[in-house]
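Now for the letters of each chain:
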Number of protein chains: 2
Amino acid sequence: SAPPPLHPRVLRAFVCSLHLLGGGSAAPAPAPGRIRRERLGSGPASTALKRDRRDVASRHLLAPPRERTARPAGAARAVACPVSIPRRSLRPRQGEEVRIQGDEFWHMTRVLRLGINDRVELFDGAGGLVEGSIQKVDKGGSDVKLLEDARLIAPDGIQWHVYAAFGTLKGGRADWLVEKCTELGACSVTPLLTERCHTVAENRVDRLQRLVLAAVKQCQRIHGMLLNPPIQIADLQPVISQSKLAFVASAESPPLLSTLPKSCNEESGLLIVGPEGDFTEEEVNVLKASGAVPVGLGPCRLRVETATISLLSALMLWSDAHRQETLKCR
Amino acid sequence: SAPPPLHPRVLRAFVCSLHLLGGGSAAPAPAPGRIRRERLGSGPASTALKRDRRDVASRHLLAPPRERTARPAGAARAVACPVSIPRRSLRPRQGEEVRIQGDEFWHMTRVLRLGINDRVELFDGAGGLVEGSIQKVDKGGSDVKLLEDARLIAPDGIQWHVYAAFGTLKGGRADWLVEKCTELGACSVTPLLTERCHTVAENRVDRLQRLVLAAVKQCQRIHGMLLNPPIQIADLQPVISQSKLAFVASAESPPLLSTLPKSCNEESGLLIVGPEGDFTEEEVNVLKASGAVPVGLGPCRLRVETATISLLSALMLWSDAHRQETLKCR
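Residues numbered from 1 in each chain as written. Chains lettered and ligands numbered in written order. Predicted model: local features only at pLDDT ≥ 70, side-chain atom pairs only at ≥ 80, totals over all residues. Heavy atoms only, no water.

K.L.:
Report on the UniProt feature "domain: Ribosomal RNA small subunit methyltransferase E PUA-like" (unreviewed entry) in chain A, specifying residues and quantitative values.
P.N.:
Under the present numbering, the feature "domain: Ribosomal RNA small subunit methyltransferase E PUA-like" (unreviewed entry) in UniProt falls on residues 100-146 of chain A. Counting secondary structure, residues 100-146 of chain A comes out at 21% helix and 49% strand; the distance between its end C-alpha atoms is 12 Å. (UniProt positions renumbered as here; feature names shortened; annotations may be inferred. Helix = DSSP H or I, 4+ residues; strand = E, 2+ residues; numbered from the N terminus.)

K.L.:
Mind laying out the environment of T308 of chain A, listing which residues take part and the relevant values?
P.N.:
Residue and element names in this part refer to chain A. The residue T308 is located in helix α9 (residues 304-329) in this model. By relative accessible area, T308 is classed as buried at 0%. For the pair formed by T308 and L147, sequence separation is 161 residues and the distance between their alpha carbons is 40 Å. When near neighbours in sequence (up to four residues on either side) are disregarded, T308 contacts V162, A164, L177, C181, L271 and V273. Of note is the side chain of T308, whose polar atom sits 2.7 Å from the backbone oxygen of V304. (Buried < 20%, exposed > 50% of the residue type's maximum accessible area, 1.4 Å probe, protein only. Contact = heavy atoms within 4.5 Å. Polar contact = N/O pair within 3.5 Å; in protein donor to acceptor, adjacent residues only side chain to side chain.)

K.L.:
Residues and numbers for the side chain of S290 of chain A, please.
P.N.:
All names here are of chain A. With respect to the helices and strands, S290 occurs in helix α8 (residues 281-290). A relative accessible area of 11% places S290 in the buried class. Excluding anything up to four places from it in sequence, S290 contacts Q237, I240 and S241.

K.L.:
If you had to explain the nonpolar core to someone new, which residues and values would you point to?
P.N.:
Residues F166, C181, F247 and L256 of chain A together with F166, C181 and L256 of chain B are the most contacted members of the largest nonpolar core, which totals 87 residues. Beyond its immediate sequence surroundings of up to four residues, F247 of chain A is in contact with W160, L256, L260, L270, L271, I272, V293, V295 and L315 of chain A. Residues L192, I231, I233 and V248 of chain B belong to the second largest nonpolar core, which totals 16 residues. (Core = buried A, V, L, I, M, F, W, Y, C linked by side-chain atoms within 4.5 Å.)

K.L.:
Let's hear about α8 of chain A: which residues, and what values?
P.N.:
Residues and elements named next belong to chain A. Turning to α8, its buried residues are E283, L287 and S290. All buried residues of α8 project into a common sector of 60 degrees when viewed along the axis, lining one side. For α8, the exposed residues lying more than 90 degrees away from the buried face are E281, E282 and A289. Elements in contact with the buried residues of α8: α6 (233-242), β11 (246-249) and β12 (268-273). (Arc of directions from axis to C-beta.)

K.L.:
So what's going on with the pairing of strand β3 (residues 119-123) of chain B? Which residues, and what values?
P.N.:
Two faces make up the sheet, and in a regular strand the side chains alternate between them. All names here are of chain B. With five of five residues buried, β3 lies mostly within the body of the structure. Neither face of β3 is left uncovered, since the one carrying R119, E121 and F123 and the one carrying V120 and L122 both have all their residues buried. Relative to strand β4 (residues 128-137), β3 runs antiparallel, the two sharing five bridges. Note on β4: the bridge partner recorded for R119 is S133. Taking the residues between adjacent antiparallel strands as the criterion, β3 and β4 are bridged by four residues, where G125 takes a positive phi near 65 degrees. (Pairing = 2+ DSSP bridges.)

Right, here's the structure in full:
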């Protein structure tokens, strides 16, 4: 008989790619997880990242993990960490096996105490998603048998692209900004170069890229988040002109929620936030002339990362409400 | 002739209390700034706090600071840091002098390079606000002459009270939550004790209190933010029953922006967020029975602190939009 459906909030196991065939014992490709261990330093963000891996279990909405014994199918369990798997060319089909090793295997078996017959959802951060059932657990890894063909999920809802001038933020604040944008479902984040924030350190971009990957796995986003190279405001103009939903944070402007349209069929939108010290008047005029709508931040004075997350949250909640109403009307 | 009005976003100098008379050279009372230096450790949050003091100058919307010379009245300058001033009993009046020493004096003169005839706004985090002009700068401090009677500002807009189960969050996340709640204008933050988060460390509450004070000064809130002692859900019930705007974060619930009323004359509201692992079903039923409205978090899986800040941002932006429309209609 078919196993009961997974809990709607079941968590997922990240695999490098779902274009693969399982089985075999080929040497694993370098896992993003391993890079994370080797290169991240001991600063607050990376320590938080390491600690957070162990927090995943407690974040679940499911019951606390049980002991590591065989149990009947239908006991939905969860894993959310990267998997090193050799890449192949065909998308996996029902009945095939995927081998999970390394960091994710450790997390699955030691932290979450998953065992034989537990079900996991494998995702690869590029839209691939497939449900599987753990068949075997040995010292080096575990074999997961797929219960369905791997699916490619299309992005849903408005895709928000964030352009924020966070290149000169100190003390982990840029890390927070990128991590929270990932959690809140932004489609991409691009550092903005302005007169008052005209650089982004090179090693910072590398570090942020790894942070994005870790955050994607941690909040189990089906689709990854792009971290683009820095751009100038002048290069942003054509992007704004092509968009019908472009908002720029500006302290003395009308409130965001009054400015949002009542009905909207757009697929993507832009959010533009200035640096510490704000945009110059000239830059604001350039952005407005391209078509960006200035929106206020509310009554409080917000810092760059707070303004970004605050506006992104409101936009995300608005587009979700809008989508739910559209679904109801059908 | 009267000096021109201050820039609408001019920054402010924090003083311990505006119930004081200036002048004299009495030994300063212990400054919150000094306590901040002595007791805070070297963890990420406190290092960030120390670094942030130096960031304040770059956060301003005004031109970069100029050299320390006498300049004509009207050059609006800004200071935002605590001042140790002996407490007296009468609110200061126009023409009196307030002496600024210690951390804030250092910040004012060394970081922001303010000088004679520069104007500052003094605030005490308890509703007091007064504008003054720097008369004298010497080695130990500076004298600020008040240009008007000190005013007591009433709180404006909906007062949001946050109840979040953040007692067991690790790695600076609780600090981040409290700091961002302060920045976003929450009226109070109270740790919630639930089945899945049943403790709050004692030293954590002390530390968070100091963090709130530092954040109030940094984002220059006219009114402070209360950090209340932890409470149980059972004790929260009567509070919810008396409120007409109580929201509880719940993953599979209708979107927040669809649930907000079209018109609202409430003065305060509640936001309730569960712990890692979420509320138990029993707790959710108790909260709903008291009158809290469950609201969704959007399509993404959000962590405790992200969910809190995300919903608080949306509520704050909504009440600001609502207030602006009410002002327009008058």
